[in-house]
Protein chains: 2
Amino acid sequence: MQKQWYELNTGIEMTASVVGKQEHEGPLGAFFDMYDETDSFGKKTWEQAESELQRRAFSTLLLKSGYREEDIDALLAGDLLNQCAASAYGLRFFGIPYFGLYGACSTSVEGLLLGSLLHSGKMVKRCATVSSSHNCSAEKQYRFPLEYGAQRTPTAQWTVTGAGAFLLGDKGKARIRRACPGIVIDMGINDPNNMGAAMAPAALDTLCRFFRGTDTKPSDYDKIFTGDLGAEGSRLLSDLITAEGFDLGDNYSDCGMLIYYNKAQDKHAGGSGCGCAASVTAAHLVPKVQSGEWKRILVVATGAMMSPTSVMQGESIPAVAHLVEIRYEEEH
Amino acid sequence: MQKQWYELNTGIEMTASVVGKQEHEGPLGAFFDMYDETDSFGKKTWEQAESELQRRAFSTLLLKSGYREEDIDALLAGDLLNQCAASAYGLRFFGIPYFGLYGACSTSVEGLLLGSLLHSGKMVKRCATVSSSHNCSAEKQYRFPLEYGAQRTPTAQWTVTGAGAFLLGDKGKARIRRACPGIVIDMGINDPNNMGAAMAPAALDTLCRFFRGTDTKPSDYDKIFTGDLGAEGSRLLSDLITAEGFDLGDNYSDCGMLIYYNKAQDKHAGGSGCGCAASVTAAHLVPKVQSGEWKRILVVATGAMMSPTSVMQGESIPAVAHLVEIRYEEEH
């Protein structure tokens, strides 16, 4: 029988996050480690700015944790840019074995999941994972150059300018104790301006497999977060999962719905992008578990795996959702 | 101290490979499981053709091995297309937990390496890795539409149309016994028509760390293969490594130099692409170890991590090289 979920015991020793101006002005603004008023992070192109986001997030992680490069056995990283260039360029300054990942907006949890599999399997003593997105590099690549001032549909989400980094190892009160990797799900949705609808069935699949496999239910968790389904996708997920016999109830939120004041900041259906779940999990979710305020949470990051070319060719959008269960535990 | 290399014990239970017309007409033509005379694999676009390469490679792997989808705990896959779309679209038909990878042309060995870490760490019982490239989708995306008939420089390599798939588990006489993950190396090369030169320093770094870490030397191995340094890069690597005190000697070859009759097929510096090391390793290298003809080989796949955008912005090309040691062992 296929392994559907994993029992793990990996500590999230430290997190770091770096965001742009609008994320800093959002409801979680005070929790991010660093932000840049200009979103350019001192660089001349948006692509270089995104690499710099990655570099700063990982540098901050090293600084905060007190570790040096040579203490880290592996670096797992990814982003949304073509050829995952933000990660390779941003992290080329560090002498650490490098594994490039691509999971679209699920990359942050893909990294947490693979990293904790490597650590819990005693293959590495300590590893780190970094992921990012930048609104301006993403708009340019996926939609239109910013200068066009293109209109956005009500279901459109706003790509977060942000990066999150996580240090995984033996220590830490916030511990990854279970994980459930996603299966690629394609329900035939082909509207790239409604990625929430494309990704909701993937979150549904992962959550149902996890609840059934572990014989748990939504109310067993203090909080359940999806990555960036946004307003549209999270409504869909809540409806779809009811038909499967689970009630997400009031414990459920979406990182894309937490990062902005959607109305006041004109963000339509909420935030999205690899940097969304990454920065919100690093700055807000893990710290609340570390402090013991939440004892047991699920984070399910979702990714829409289309490319601009596949969309232009009329293809539907495959999606994937990776899940980790993070628990508060006293250090032993 | 940072972990530089790993002791592992994972069997390559089965391999499968699918290639295009010109690869079939090359010196290894008879060894690939399947080829298509038209390179289109029955699809209407080159991108869909590449997804079909992935689907066929993995289907063939399942058929040859006798396993069913539900016997495979994880699928690790990647390619060169923007947003790694070939993998996600090609493998969405299989109900298997999916981890997307991006290591440019090093992806095949990145998959073997991560897969064998998951297996040797007893996290999965069995997993598979698939990677691909397609000459026509790659030319379109990285260089010019084929219809332009653009001229190629003498140092240019030819992106292989091919996919390789590997089944990792307990069994198999060809076993991954050691591995050394690559560090991102950027020596300032910025000519995208000479990727061999950009990637050779990464292969050098990985090989030197591995030889020194394991206290071995090139002559301890029956054969040493790089992924796709081509004529230019493999000459550079041989020179550079001599200065480090190692002599690769006659045991050294490059997958990019094996797949075509370079002169007769007008392939300039040789083959490249995720599908190069993947298909050559699946069809030629692993079977020679399985049969016992070679007892101990190294495969070092190299990846150039630039994007067309980073090249246009004048950036240099970061590269990475992942290594696995594959040994012949009687089944226990």
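Trainee: How should helix α4 (residues 107-120) of chain B be read in this particular structure?
Mentor: Count 3.6 residues to each turn of an α-helix, and residues three or four apart come out pointing the same way. Residue and element names in this part refer to chain B. Taking 1.5 Å of rise per residue, the 14 residues of α4 would be expected to cover 20 Å, and the 19 Å separating its terminal C-alpha atoms lies within 8% of that figure. Across the 14 residues that make up α4, a large majority, 14, are buried. Lys122 sits one or two positions beyond α4 and adopts a positive phi of about 60°.

Trainee: Hey, could you run me through the interface of chain B and chain A in this one?
Mentor: By a widespread convention, an interface's size corresponds to the accessible area lost as its parts come together. Every contact between the two is made by 60 residues of chain B and, on the other side, 60 residues of chain A. In this assembly, chain B packs against chain A so that about 5,100 Å² is buried in total across both faces, 58% of it on carbon and sulfur atoms. Of all residues in chain B, Gln83(B), Tyr89(B) and Met123(B) give up the largest surface area on contact with chain A, accounting jointly for 16% of the area buried on that side. Arg92(B) serves as the salt-bridge partner of Glu315(A), at 3.4 Å between the closest nitrogen and oxygen. Where chain B meets chain A, there are 42 residue pairs in polar contact (both at pLDDT 80 or more). Looking at the side of chain B that touches chain A, the elements that each hand over two or more residues are β1 (6-19), α2 (46-65), α3 (85-91), β4 (98-100), α4, α5 (135-142), α10 (308-312) and β13 (319-328) of chain B. At six residues, the largest contribution of residues to the side of chain B that touches chain A is made by α4(B). Its residues assigned to classes, the side of chain B that touches chain A comprises 33 nonpolar, 17 polar and ten charged.

Trainee: Before we go on, may I ask you to explain the relation of the copies chain B and chain A in this structure?
Mentor: The two chain copies are connected by a rotation around an axis plus a translation along it. Of the two same-sequence chains, chain B is brought onto chain A (RMSD 0.0 Å, axial shift 0.0 Å) by a rotation of 180°. This pairing of chains is accounted for by a two-fold axis. Most of the interface of chain B is mirrored in chain A, where 100% of its interface residues are also at the interface.

Trainee: I'm lost on the environment of Cys84(B) in this one. Help?
Mentor: By the secondary structure assignment, Cys84(B) is in the loop between β3 (74-79) and α3. C-alpha separation for the pair Cys84(B) and Ala202(B), spaced 118 residues apart in sequence, amounts to 22 Å. Once residues lying within four places of it in the same chain are set aside, the contact partners of Cys84(B) are Tyr102(A), Asp79(B), Leu101(B) and Tyr102(B).

Criteria and cut-off values
Residues numbered from 1 in each chain as written. Chains lettered and ligands numbered in written order. Predicted model: local features only at pLDDT ≥ 70, side-chain atom pairs only at ≥ 80, totals over all residues. Heavy atoms only, no water. Helix = DSSP H or I, 4+ residues; strand = E, 2+ residues; numbered from the N terminus. Expected span 1.5 Å × (residues − 1). Buried < 20%, exposed > 50% of the residue type's maximum accessible area, 1.4 Å probe, protein only. Contact = heavy atoms within 4.5 Å. Buried area = accessible area lost by both parts, 1.4 Å probe. Salt bridge = Lys/Arg side-chain N within 4 Å of Asp/Glu carboxyl O. Polar contact = N/O pair within 3.5 Å; in protein donor to acceptor, adjacent residues only side chain to side chain. Nonpolar A, V, L, I, M, F, W, Y, C, P; charged D, E, K, R; others polar. Least-squares fit on C-alpha atoms with pLDDT ≥ 70 in both.

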